[in-house]
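Close look at the chain arrangement
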Amino acid sequence: MIKKNYAAGIIIGILLATVSITPAKAQQTTTSAPPVYRATSTRINDLIHTKLDVRFDYAKQYLYGKEWVTIKPHFYPTDSLRLDAKGMDIKNLSLVQNGKNVPLKYTYDSLTLAIKLDKTYSNNEKYTIYIDYTSKPNQLKVKGSAAINDAKGLYFINPLGTEKDKPTQIWTQGETESSSAWFPTIDRTEQKTTDEISMTVPAKYVTLSNGRLAAQKLNADGTRTDTWKMELPHSPYLFMMAVGDFKIYKDKWRDKEVSYYLEPKYAPYAKEIFGQTPELIDFYSKTLGIDYPWNKYSQIVVRDYVSGAMENTTATLHGEYVQLTHRELLDAYYDQGRSTIAHELFHQWFGDYVTAESWSNLTVNESFADFSEMLWAEHKYGQDEADAHSYSAMLSYLRDPDNKTKNLVRFYYDDKEDMFDAVTYNKGGRILNMLRNYLGKDAFYKGLNIYLKTNAFKAGEAQQLRLALEEASGRDLNWFFNQWYYGAGNPELKITYKWDEGTKTQTVYLQQLQKGQTFTLPMAVDIYVNGKKERHLVWMRRAADTLTFKTTSKPDLVNVDGDKVLLAEKSDNKTLSEYVYQYFNAPLYLDRFEAIDAALAVQNDKEAQRVLIAALKDKYYGLRIKAIKGLNMANDDVRNAAQSILTSLAQTDDNTLVRAAALNILAKLKVPGNMPLFKQALNSESYAVQGAALIGIVALDPAQGFTLAKNYEKDTRGALTAAIIHVYATNGSADQWPFVYDAFDKADIQTKVTLVREFAGMIVRVNNSAYAQQGIAQVKDMGVKYKSLATAISGLLQSLKAPLTQHNDTASVQAIDEAVKELGNK
């Protein structure tokens, strides 16, 4: 599972910046009782095989199911069975005996079936239960989490076809324990079962499920029955079904089918969206020393998905944000969908092949998948992309102080959904990167191979991972796991320096300032003297440590954490001249990032300017963008040195986001001579470049920009849509509201977050109470559907009350009060 927006913290961060609410406040939760100890479920019975025969009532949004589930006692003899079955009508529950269904006694409390078996079974005896049932997901009252915003298991999308421009689809979401909303099962991660699922659907639709499509049968009533068979065991939460009008693009890895299911209008872009998948499978297979373990790999994109993506065994389900056109893909770099594809595929090993034995140990699923995003970036796009991705993930973890109170492996929590957070994902991924750095890549990957082979088709936990890595490396890792897996927080590292010319001694003072545990930190310290680097491997074992190094002369730079892998908040007391040296000589993304940061803070300094001008041509596009966005163009020296470079970047940089950033900063100068540049950029295929060009034209000639905005309404996405909405929010009227509202209504959640500030401005500008209330409802729905945004959305809506009051729009002010009240209950 990947959290919504594949970096959910970024969504919240953008929105919070918009409404000036601190992240800590936005993340606060109130609990009425302390968390309880979450023991691993006692295994009384084990699933062996699950056979389902289902059909759908689109009008009622029901599933009519027949199930044959084969089970045996885990160890001790038992005469009873408990199955999870949420919100169902149970019509028949019987034991299959000699080809006949023998009714069994049971009780049902709407969540679980307590079944009395016909006798006491031992663990070498298996039995099959038959259940005839109806699943009614929309009548089920369950809650989701920050990662998964709903938990009813089965979803009917536009079932009657009444919503314009939205396909009719059915799909499922099993994690955490929602598969039991559409078929009775033992809905626990440690359970493993083979399965066979037969779906009877309108013949015009395509189906997808786990495993292979074993049979298709056309029926006389215009339906078709598809039978999918999964012949290797996997956990119930990884079961999936999808039904709808999809086009299938067939690819392959070696002799295995790789396929991509998309809405027909996106089918031409299937290879552009998912085409790296075979290469990814090959890379992960070789890295882990275990070939992709399943018989096929499919990816499907659905509407209105309740999370980011889900790693169902052999059949990953994606939210629609990965479904992009060629022009959108021009602006979609690694963090915009491609990292999600990498994340979900890695789960086929870590999560599906070996599954977390409980939600307390979710780290062995999600931390690995998070880590894999960096791993693929490193292989495919280079070290800078990997380091940028990793650093962004670390910042998302650090954004919320509450994260520092949580262990990575947690046996105490309020709800299992709480485990899907930045500790499990972002922090866990960074911990694995530190572990890889400490052990070395070969030993690390050998340890992963041992872990996977030892626990194949079973459940695993962090202690088993530790033992596997110890076996591979020969090193004790209790100290590492105790502080990082079973402890909370992170180092807050203060670094200061002293040079003694008389003794030619460089002293480095390290202090851990955090409350709580003191971390043991192995790290590299790189010392640069006269253009040469000397590496020292050191350990920090106390809250305060002093390191001394003899050198021939004063170092040009002392670079603590030379590999830039520590999960830490660092206060590094370097001088500007040292940061300048670091930019031009230290090799890594974070080396250059830190130097650019230091230079941006003192742009009057000539050496700082030298760094910034060089950074405009940095080899990594993210740092070029950072430098562009940070330039103080009111400084004559900066502007004079940068302007021609920015013009060149706007025209020729091979990265569309760099070109757009350069255009945006040039637009702020309002130099009439740049008008031809902006008009030329309007011819770009990139929506980001076009959007920035439109902003530049509006800055110089609002009337011309307004006319151009109207011309681009018919073919607009992403940044161009945002630019048009900006134009209308600044210069438009109620006449433009239908376009603005429709664009916002159709946008996915990431796009809505980027547009919401301008959209809110338009709510005020239209000076039309009906339109304003329409917009307020749209903004409110973001917070209702995505609970982690509720506080920030409330703040944004309340900021609209004053201008609406000035318009005497009491009805809209009342609508805001009602919306804020509703959001407060989320």
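So, here is what we can say about the structure in this document. (Residues numbered from 1 in each chain as written. Predicted model: local features only at pLDDT ≥ 70, side-chain atom pairs only at ≥ 80, totals over all residues. Heavy atoms only, no water.)

**A word on the pairing of strand E25 (residues 492-500)**
The sheet contact formed by E25 and strand E31 (residues 569-572) spans four bridges and is parallel. In the sheet register, Glu-492 faces E31, and the bridge partner there is Glu-569. Counting the residues in the hairpin turn of E25 and strand E26 (residues 505-512) gives four residues, including Lys-504, whose phi is positive at 50°. (Pairing = 2+ DSSP bridges. Helix = DSSP H or I, 4+ residues; strand = E, 2+ residues; numbered from the N terminus.)

**Looking at the nonpolar core**
Ranked by internal contacts, the top residues of the largest apolar core, which has 190 residues, are Tyr-284, Tyr-485, Leu-646 and Leu-797. Here this core gets nine residues from one element, more than from any other, and that element is helix H24 (residues 749-765). Leu-93, Ile-115, Ile-300 and Tyr-305 belong to the second largest nonpolar core, which has 63 residues in total. (Core = buried A, V, L, I, M, F, W, Y, C linked by side-chain atoms within 4.5 Å. Buried < 20%, exposed > 50% of the residue type's maximum accessible area, 1.4 Å probe, protein only.)

**Remarks on the environment of Glu-492**
Structurally, Glu-492 is set in strand E25. Judged by its relative accessible area of 27%, Glu-492 falls in the partly exposed class. Separated by 76 residues in sequence, Glu-492 and Ala-568 have C-alpha atoms that sit 5.8 Å apart. What Glu-492 contacts, discounting residues up to four positions off in sequence, is Lys-404, Gln-511, Gln-512, Leu-513, Gln-514 and Glu-569. (Contact = heavy atoms within 4.5 Å.)

**Focus on the packing of helix H25 (residues 769-785) against helix H26 (residues 790-798)**
Between H25 and H26, the shortest axis-to-axis distance is 8 Å and the interhelical angle comes to 160°. Judged by the inter-axis angle, H25 sits roughly antiparallel to H26. In this structure, the crossing between H25 and H26 has a hand that is left-handed. For the pair H25 and H26, the contacting residues are Ile-776, Val-779, Lys-780, Met-782 and Gly-783 in the first and Ala-790, Ile-793, Leu-796 and Leu-797 in the second. Within the contact of H25 with H26, the residues separate by chemical class into seven nonpolar, one polar and one charged. (Axes fitted to C-alpha atoms, helices over the stretch in contact; angles between N-to-C directions. Parallel < 35°, antiparallel > 145°, perpendicular 65-115°, else oblique. Left-handed = near helix turned anticlockwise from the far one by under 90°. Nonpolar A, V, L, I, M, F, W, Y, C, P; charged D, E, K, R; others polar.)

**Structural notes on the packing of helix H15 (residues 606-615) against helix H17 (residues 636-652)**
Axis separation between H15 and H17 bottoms out at 11 Å; the angle between their running directions is 15°. The angle between H15 and H17 places the two elements in the roughly parallel class. Two packed elements cross with a definite hand, and for H15 against H17 that hand is right-handed. Counting all contacts with H15, which are made through Lys-606, Gln-609 and Ile-613, the residues of H17 involved are Asp-637, Val-638, Ala-641, Ala-642 and Ile-645. Grouping the constituent residues of the contact of H15 with H17 by class yields five nonpolar, one polar and two charged.

**Focus: the sheet that holds E26**
Spatially, E29-E26-E25-E31 is the arrangement adopted by the four strands of the open sheet, whose pairing is mixed. Each of the sheet's edge strands pairs with one partner strand only, and the pair in question is strand E29 (544-550) and E31. Strand-to-strand, the axes of this sheet are offset by a mean angle of 20°, without reference to chain direction. Alignment of E26 against E29, held across seven bridges, turns out to be antiparallel. If you follow Gln-511 over to E29, its bridge partner there is Ala-544.

**Focus on unusual backbone geometry**
Cis geometry marks the peptide bond from Glu-175 to Thr-176; its omega dihedral reads 5°. Considering the arrangement of structural elements, one finds Thr-176 in the loop between strand E11 (169-172) and strand E12 (193-202). Of note, Ser-110 is a non-glycine position whose phi angle comes to about 80°, a positive value. Inspection of the secondary structure assignment puts Ser-110 in the loop between strand E7 (105-108) and strand E8 (112-121). Phi at Lys-504 takes a positive value of approximately 50°, unusual for a residue other than glycine. Tracing the sequence through the fold places Lys-504 in the loop between E25 and E26.

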